Amino acid sequence: MTTLIIIAVLPIVLLYLGLYKANKLLLPVTIVGLLLALASAVMQWNNGAVPIYHDMMLFDNFSVAFSATAIVSTLLILMLSKGYFEKISEHVAEYFAIMLFSLAGIIVMVSYYNLSMLFIGIEIMSVSLYILAGIDKKSFASNEASLKYFLMGAFSTGFLLFGIALIYGATGSFNLEAIRDWALAHPRGVNPLFHTGIILMIIGLCFKVGAAPFHFWTPDVYEGSPTLITAFMSTVVKTAGFAAFLRLFAASFAPLADFWMPTLLAITILTLFIGNLTALYQHSFKRMLAFSSISHAGYLLFAIVALSAGSGNAIFMYATAYSIASIIAFGVLLLVQQQLGSDSFECFNGLGKRNPFLAAVLTIAMLSLAGIPLTAGFIGKFLMFYGAMARYQVWLVIIAVINAIISIYYYFRVIIAMYFRTAEHDELVVPGYYQIVLGFSAVVTLIIGIYPALISNLI
């Protein structure tokens, strides 16, 4: 709980710093605050957590692991923000504060033990993101992204709210354990309220994580939002969404897996094919990453479709690997956009000669996202496939492998552009803080890929 309190109080401190024009202190204070929140979370590891506040919240190892991933990812993204918000507005403190308020909602999402807290966490996160998507007032694309995200977010919230209401109507409780007990006591037959509630929850949560066929907001919102905000949505927000998804289905709906699994299985297959096939035809690196994120949502759904005791570890490993590689990709994209004014694949031509460091870290990121061995992404995909194989879903693994082969094409397209094509662009200047974030992320990607046991059995 201390972690949540620190992250909730920190934005208020930043707003006061902005009020007194202490803008130079915003980033250092944010970094220190997030490090304190991270330390507080780690200190709760293996502390024998039990539900608190009338069983509303549970800060167990699951919560600690995903909270730590969210905090570290947010920290790395904000370290890339030096001078970024200043180009958009004079009121920089507001943007730092809104991102941290969103992070507070994310901590609630990975720590809830009551459906009302799940709803509150999602709303705290979503309202902040509506604002962040439209912070570039000079950009029509940013304003459009904000409006589209608001409308689609409100639509998905309706599904979640009605789903929660129906489940409460059937079970008489919002508590995850009480809902599971009700499901165990009624193993047969279809209860109109409860089973309809499960379907509505699946639709609402699939909207939030960008799974097909509820993905149609994702490419436009990701492309139109400022790149730093897109990086936050694509990593921290997606990780929190799947952590919340898994906690609900593992804790409450597992006894009824035969009912909801076929629906989620169809969504998984559709998500994989739509994400990968559409990414093949993109000419914008940023839009390619948007469709790529849809395909990764499909892989993350594996752990829920093949629900088991290892699903938590699988999602944690995959989400961590995906987040770190995506931060590298968006970090390089930020530099390319700022210095070359475009995000087309042609801007990466000859990057291997113009800036070997950037080319090397981006290559590691692309290899990890493609699931190539000796990278964290390979370990993440391996755990997902292993979980499905353990449940004898061999044909699902075959479909996933086919999609992984498809993804290699568009990820290697970037690598080919960097090393096998030439361009007359000037050499990109890489600030020191970019070198720290990108270098650190690349090293972590390789370390996890070579020594996966470091984090593979945390949860």
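Residues numbered from 1 in each chain as written. Predicted model: local features only at pLDDT ≥ 70, side-chain atom pairs only at ≥ 80, totals over all residues. Heavy atoms only, no water.

Student: Help me out: how do you make sense of the overall build of the protein chain in this one?
Tutor: Of regular secondary structure, the protein chain possesses 18 helices and 0 strands. Relative to the compact-globule value of 23 Å for 459 residues, the protein chain shows a C-alpha radius of gyration of 21 Å, a close match. When its C-alpha atoms are laid out on the principal axes, the protein chain stretches across 70 × 55 × 40 Å. Counting across all 459 residues of the protein chain, residues that qualify as buried make up 61%. Sequence separation of at least 24 residues holds for 79% of the intrachain contacts in the protein chain that already meet a minimum separation of 6. When the accessible surface of the protein chain is totalled, it reaches about 17600 Å², and 69% of it is carbon and sulfur. (Helix = DSSP H or I, 4+ residues; strand = E, 2+ residues; numbered from the N terminus. Rg over C-alpha atoms; globule rule 2.2 N^0.38 Å. Buried < 20%, exposed > 50% of the residue type's maximum accessible area, 1.4 Å probe, protein only. Contact = heavy atoms within 4.5 Å. Areas by Shrake-Rupley, 256 points an atom, 1.4 Å probe, with all protein chains shown as cover.)

Student: Any chance you could explain the nonpolar core here in plain terms?
Tutor: The nonpolar side chains of a soluble globular protein tend to be buried with one another. Ranked by size, the top nonpolar core spans 173 residues in total, and within it W260 and F285 carry the most contacts. Those residues within four positions of F285 in sequence are excluded, and the remaining contacts are A329, L333, D343, F345, F348, L362, M366 and V414. (Core = buried A, V, L, I, M, F, W, Y, C linked by side-chain atoms within 4.5 Å.)

Student: What is the right way to look at helix α6 (residues 140-171) in this model?
Tutor: Between its first and last C-alpha atoms α6 spans 46 Å; for 32 residues at 1.5 Å apiece the expected length is 46 Å, and the two agree. Backbone geometry just downstream of α6 places G172 in the positive-phi region, at approximately 75°. (Expected span 1.5 Å × (residues − 1).)

Student: Hey, could you run me through the packing of aromatic side chains in this one?
Tutor: Here the distance between the centres and the angle between the planes together describe a pair of aromatic rings. Tallying each qualifying case throughout the model produces 31 aromatic pairs. Ring centres of Y149 and W217 lie 5.2 Å apart, and the angle between their planes is 45°; on these two criteria the pair is classed as tilted. With Y149 in helix α6 and W217 in the loop between α8 (192-209) and α9 (218-224), this residue pair connects regions lying 68 residues apart in the sequence. You'll find Y149 and W217 in the same group, each marked buried. Grouped by ring-pair contacts, the aromatic residues W182, F194, F242, F245, F249, F253 and W260 constitute a single cluster. In this structure, R413 packs its charged tip against the face of F345, placed 4.0 Å from the ring centre. (Phe/Tyr/Trp six-rings, centres within 6.5 Å; stacked < 30°, edge-to-face > 60°. Lys NZ or Arg CZ within 6 Å of the ring centre and 35° of its normal.)

Student: Honestly, unusual backbone geometry in this entry has me stumped. Any pointers?
Tutor: Trans peptide bonds make up the majority, and among non-glycine residues the majority have a negative phi. Omega for the bond connecting A212 with P213 falls within 30 degrees of zero, at 0°, which places this linkage in the cis form. Looking at where P213 falls in the secondary structure, it is placed in the loop between α8 and α9. Phi is positive for H54, which is not a glycine, with a value near 55°. With respect to the secondary-structure elements, H54 resides in the loop between α2 (26-42) and α3 (61-79). Note on H54: relative accessible area 80%, which makes it exposed. With a phi close to 65°, D55 is a non-glycine residue in the positive phi region. Along the chain, D55 turns up in the loop between α2 and α3.

Student: Quick question: what am I supposed to make of the packing of helix α10 (residues 227-253) against helix α12 (residues 285-305) here?
Tutor: The angle between the axes and the distance between the axes are what describe a pair of packed helices. Relative orientation of the contacting elements α10 and α12 amounts to 15°, with a least axis distance of 11 Å. Taken together, the axes of α10 and α12 lie roughly parallel to each other. Remark: the crossing between α10 and α12 carries right-handed chirality. Residue-level inspection shows T227, T230, S234, K238, F242, F245, L246 and F249 of α10 in contact with α12, the latter providing K286, S293, A297, L300, L301 and I304. Along the lines of polarity and charge, the residues of the contact of α10 with α12 split into 8 nonpolar, 4 polar and 2 charged. (Axes fitted to C-alpha atoms, helices over the stretch in contact; angles between N-to-C directions. Parallel < 35°, antiparallel > 145°, perpendicular 65-115°, else oblique. Left-handed = near helix turned anticlockwise from the far one by under 90°. Nonpolar A, V, L, I, M, F, W, Y, C, P; charged D, E, K, R; others polar.)

Student: Would you mind showing me how to read a nonpolar patch on the surface here?
Tutor: A cluster of nonpolar side chains, L374, V443, L446, I447, I450, Y451 and L454, forms an exposed patch at the surface whose accessible area comes to about 670 Å². Inspection of the secondary structure puts V443 in helix α18 (residues 432-450). (Patch = residues over 30% accessible without salt bridge, like charges linked within 9 Å, V, L, I, M, F, W, Y side chains within 5 Å. Salt bridge = Lys/Arg side-chain N within 4 Å of Asp/Glu carboxyl O.)

Student: What's the story with helix α11 (residues 257-279) in this structure? I'm lost.
Tutor: Side chains that are three or four residues apart share a direction in an α-helix, a result of its 3.6 residues per turn. Helix length check: α11 (23 residues) gives 32 Å between terminal C-alpha atoms against 33 Å at 1.5 Å per residue, within 8%. Inspection of α11 places A257, W260, L264, L265, I267, T268, I269, T271, L272, G275, N276 and A279 among the buried residues, and these make up the whole buried set. Tucked inside the fold, the buried residues of α11 contact α8, α10, α12 and α17 (394-420).

Student: Quick question: what am I supposed to make of the pattern of salt bridges here?
Tutor: Once the charged atoms of two side chains with opposite charge are near each other, the side chains can pair. According to the stated counting rule, one finds 6 salt bridges in the structure shown. A salt bridge links R287 to E223; the nearest nitrogen and oxygen atoms lie 2.7 Å apart. With R287 in helix α12 and E223 in helix α9, the pair connects residues that are 64 residues apart, well separated along the chain. Taken together, the salt bridges that share partners define one network made up of K148, D220, E223 and R287.

Student: Which parts of the structure should I look at to understand the side chain of T375?
Tutor: As for its placement among the helices and strands, T375 is situated in the loop between α15 (356-370) and α16 (376-390). Classification of T375 by relative accessible area gives buried; the value is 3%. A distance of 2.5 Å separates a polar atom in the side chain of T375 from the backbone oxygen of I372. In this structure T375 touches I364, L367, S368, T445 and G449, once residues within four positions along its chain are discounted. (Polar contact = N/O pair within 3.5 Å; in protein donor to acceptor, adjacent residues only side chain to side chain.)

Student: Sorry if this is basic, but what is going on with the layout of surface pockets here?
Tutor: If you roll a probe as big as a water molecule over the atoms, it shows you where there is empty space left. Taken as a whole, the largest pocket spans an internal volume of roughly 500 Å³. Here the lining of the largest pocket is built from residues that sort into 18 nonpolar, 4 polar and no charged. The computed volume of the second largest pocket comes to approximately 380 Å³. If you go around the second largest pocket, you meet 20 residues; those closest to its centre are Y84, D136, P226, T227 and Q337. At the level of secondary structure, the elements contributing two or more residues to the lining of the second largest pocket comprise α6, α9 and α13 (311-340). (1 Å grid on protein atoms, 1.4 Å probe; cavity = no way out; pocket = protein on both sides within 12 Å on 5 of 7 lines; lining within 4 Å. Points joined across faces, edges and corners; volume = space filled by probe spheres on them.)

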